[in-house]
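Here are the chains, one letter per residue:
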Amino acid sequence: MKRRQGISPSNINGMFRCSTVIRTITFTITLAVLAVVTYSCVDRSESKPRMTENNTRKYAPIVEELLAKMTLEEKAGQLNFYVGDLFNTGPTVRTSESDKFDEKIKNGTMTGLFNVHGAEYTARLQKIAVEESRLGIPLVFGADVIHGFKTVFPIPLGTAASWDMALIEEAERVAARESTAAGITFNFAPMVDIARDSRWGRMAEGAGEDPYLGSEVAKARVRGFQGDDLTDEATMAACVKHFAAYGAAEGGRDYNTVDMSERLLRQTYLVPYKAAVEAGAATVMTSFNELNGEPVTGSKWLIDDILRNEWGFEGMVVSDWQSITEMVAHGNVADNAEAAAMALKAGVDMDMMGDAYLDHIPDMVRNGKIDEAYLDQAVRNVLQLKYDLGLFDDPYKYSKEAREKEEIRSEEHLAVAREAARKSIVLLKNEDKVLPLTGNEKTIAVIGPLADNQSDMNGTWSFFGEAQHPVTFLQGIKERAGEGTNVIFAKGCNLYDNKTDGFAEALQAARKADVVILAVGESAVMNGEAGSRANIGLPGIQQQLVNKVMEAGKPTVAMVMSGRGMAISELHEQVPAIMAVWALGSEAGHGAADVLFGDYNPAGKLPVTFPRHVGQAPIYYNYKHTGRPYEGDYSEPLSERVYKSKYRDVENSPLYAFGHGLSYTTFEYSPVTLSDDVMEGDNTLTASVEVTNTGDHDGEEVIQLYIRDLVGSVTRPVKELKAFRKEMIKKGETKTFTFEISEEDLAFYRHDMSWGAEPGEFKVFIGSASDNVQEASFSLKKSEI
Ligand code: NOJ
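Since the model is a prediction, treat every value here as computed from it, not as a measurement.

Rules behind the numbers
Residues numbered from 1 in each chain as written. Predicted model: local features only at pLDDT ≥ 70, side-chain atom pairs only at ≥ 80, totals over all residues. Heavy atoms only, no water. Domains from an automatic or database assignment. Contact = heavy atoms within 4.5 Å. Buried area = accessible area lost by both parts, 1.4 Å probe. Salt bridge = Lys/Arg side-chain N within 4 Å of Asp/Glu carboxyl O. Nonpolar A, V, L, I, M, F, W, Y, C, P; charged D, E, K, R; others polar. Near = heavy atom within 4 Å. Polar contact = N/O pair within 3.5 Å; in protein donor to acceptor, adjacent residues only side chain to side chain. Helix = DSSP H or I, 4+ residues; strand = E, 2+ residues; numbered from the N terminus. Expected span 1.5 Å × (residues − 1). Buried < 20%, exposed > 50% of the residue type's maximum accessible area, 1.4 Å probe, protein only. Core = buried A, V, L, I, M, F, W, Y, C linked by side-chain atoms within 4.5 Å. Pairing = 2+ DSSP bridges. Axes fitted to C-alpha atoms, helices over the stretch in contact; angles between N-to-C directions.

Novice: Is there a simple way to think about the domain arrangement of the protein in this case?
Specialist: Many analyses report the size of an interface as the accessible area lost when the parts associate. For the protein, the assigned domains are domain 1 (141-387), domain 2 (425-596) and domain 3 (667-781). The distance between the C-alpha centroids of domain 1 and domain 2 comes to 34 Å. Taken together, the contact between domain 1 and domain 2 spans 29 residues of the former and 26 residues of the latter. Surface buried jointly by domain 1 and domain 2 totals about 2,100 Å² across both partners, of which 59% is contributed by carbon and sulfur atoms. It is Lys150, Val152 and Ile155 that lose the most area in domain 1 upon contact with domain 2, and together they represent 24% of the buried surface on that side. Connecting domain 1 to domain 2 are two salt bridges. Counted by class, the side of domain 1 that touches domain 2 contains 16 nonpolar, six polar and seven charged residues.

Novice: Help me understand the site of the ligand, please; the structure alone is not making it clear to me.
Specialist: Surveying the vicinity of the ligand reveals 14 residues, the closest of which are Thr89, Asp144, Arg202, His242 and Asp320. Note that an oxygen atom of the ligand is positioned 2.6 Å from one of the side-chain N or O atoms of Thr89. His242 has a polar side-chain atom sitting 2.6 Å from an oxygen atom of the ligand. Looking at the shell around the ligand, its residues break down into seven nonpolar, two polar and five charged.

Novice: What should I look at first to understand helix H10 (residues 211-226) in this one?
Specialist: Helical geometry note: an α-helix holds 3.6 residues per turn, so side chains three or four residues apart project in the same direction. A rise of 1.5 Å per residue sets the reference length of H10, with its 16 residues, at 22 Å; its end C-alpha atoms lie 22 Å apart and thus fit the reference within 8%. Of all the 16 residues making up H10, 13 are buried; the element is thus mostly covered by neighbouring parts of the structure. Positive backbone phi, at 55°, marks Gly227, one or two positions downstream of H10.

Novice: Explanation requested: the nonpolar core in the structure shown.
Specialist: When a protein is soluble and globular, its nonpolar side chains tend to lie buried together. Within the largest apolar cluster, 182 residues are counted, with the highest numbers of intra-cluster contacts made by Phe186, Ile447, Phe473, Ile568, Leu596 and Phe610. Other than its neighbours up to four places away in sequence, Ile568 contacts Leu538, Val560, Ile578, Phe610, Pro611, Leu655 and Tyr656. With 25 residues, the next largest nonpolar core counts Leu674, Phe737, Phe739 and Leu746 among its residues.

Novice: Explanation requested: the sheet that holds strand E3 (residues 140-143) in the structure shown.
Specialist: Each strand in a sheet pairs with another by means of backbone hydrogen bonds, the pair being arranged parallel or else antiparallel. Spatial strand order, E9-E6-E5-E4-E3-E2-E1-E10: eight strands in an open sheet with parallel pairing. The sheet is open, and its two borders are formed by strand E9 (316-318) and strand E10 (351-352), each paired with just one other strand. The pairing of strand E2 (residues 112-114) with E3 spans three bridges and is classified as parallel. Paired with Leu113 across the two strands is Phe141, which belongs to E3. Across the sheet, helix H17 (residues 372-388) is in contact with E3, strand E5 (237-243), strand E6 (283-286) and E9; its angle to E9 comes to roughly 110°.

The structure is reproduced here in structure tokens:
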């Protein structure tokens, strides 16, 4: 908002009420003011980095001592971050580079490595840095520990579906314990990008479409990774990514252009990054995308003005993989040298895989093309991170073989993974109470390309998880079903190809069974980075397999694996029971069996909308009404709906809405009661609802509260999630849930981009899903805005 100060539409209108002469003079002055404002927005100044002048942060004495001793090359080396030689997570493939790493470490031209792991291996590299480099600065080891290390948890979109913040925090604590024992201290997570378009594969790595839920999840993950003491040997630095708006890629195609208003950016997309920063995240990663014509990695406005100045972030900023040098391809700089200067001045401290700082910054400083203060500031931020992690005190503290053996895949950790697996499952549909299974079935047919598939259970971003570890659905079901039940398996088809040779066997298996369990959906590589899809239904010929199996006419359950909201309308029409199972990780089979047999009553809720058809993307619950809203189901006469905002062939409503998720029991909500129908001054209101478990199972429910501002100085979404609570309600029990609503919950970026609430009418909705709510109304009275 800083950029807008001094010029507002109302100021300009006021000026134009003057006489013609004055008007002309005023106009000229206005133009001059505008020119100055525009110039300062572009910020071509050569000033020193903001952090040098305004920084209140106290750096550790060792940071300044080292800085004073460092050559320009050593300084640039401290900003230079490489992938290791164990596996690759980006486009540059390195072969047998270990010896070169040794040299680089000795020369001080590398600050650390990422995607390396193992106590012994990381200790060996650390020894070179500490004992053989001139200044003995320890390395930092990074990695993408996105949903667990060797104990693999459900993909992040899955754990977000649990709406269980304590569980998410615990899972990340386990991830931190395991990976720090293997030497990793800097985790490239949480990924908090808002994703409204299911074509975008990286939706799998985040918490879905909502800024409020996304912020709660972001905070829980940061707490889990970092605990409250970064020097603890079992905690690691979190890295909030990908700053900013990476999830809004045009057409859902990964790495694609993002163009959006500052209002949408601030109101929706920036919210979870800010929440994670406020939760104390030690580092931030810039994103690959351009935003409104400016690649983010070179954006002083985003990194220096918003992140550091407005939000007060004092930690370390790392680029994404070559996102500095990729600015050349974006086309806003001519070469890597210009890219390096732009990123460094914008506030990117560490260059991941670009070599741009190392290759260009020392010479640019010598030639007077960039002020050394920028380089020094970045080095300070990197060294301070190493200090905060305790690496100067004990560089080997994270590389302890004994702890590694003890921690990795411990029983206790696998128990958390099982809990996370069952809590991530969302029961989308359960007609005729097909679920839970009784346990008395004589024959269960488990069918599909994902039914007895281990490696895909680990999901996207699980380079550390081993293919031979996960419990498959078939194994989990067999174990739980016990001796008296015959569990038969037929793969039916492969994940992608068109071979139908397995169909006959699958149909035969279904015919023999009392109940059929289909495991279908996406493999691990069909979502995640570079995992965008233009078709978001079941891949390959899996839908045809479903058609074939349904010929048996047996009670059928579909377990749909995915890293996105899937367009599965056809499946929905055919199959009575459907569960969204994401990719459930190490304990997939156990978690799924717990839910199938009713040992755990599912309570997951969708963190992302499931569309009816891919053509609806982007689709999200907190949309705007438009001037010609259409919420019907096409039953009205054509004349009533023809000029409405809709498709001719597919309803506007989703297949499964945000927040949707069934239980084996039923919950009845009372009407919403408000403590008052007017909010005034600093008063808060309370909104209460009674929820009764009217079914025959105990069960947890996620009670969701949404608000709508009916008239605003800018248009407002039809509803926005503002609070939720997850609680166990025993069968027959009624519980009262009371939420406090304050003026801050009604605030938004108003017409003049100031933040605050406006007086007027509001609706509050409470319910079990964004499309299943009770509502009440109140008004906000304010003396001034
Ligand atoms: C690129 C990805 O965008 C980012 O999320 C990841 O952390 C880095 N590669 C390192 O693997």
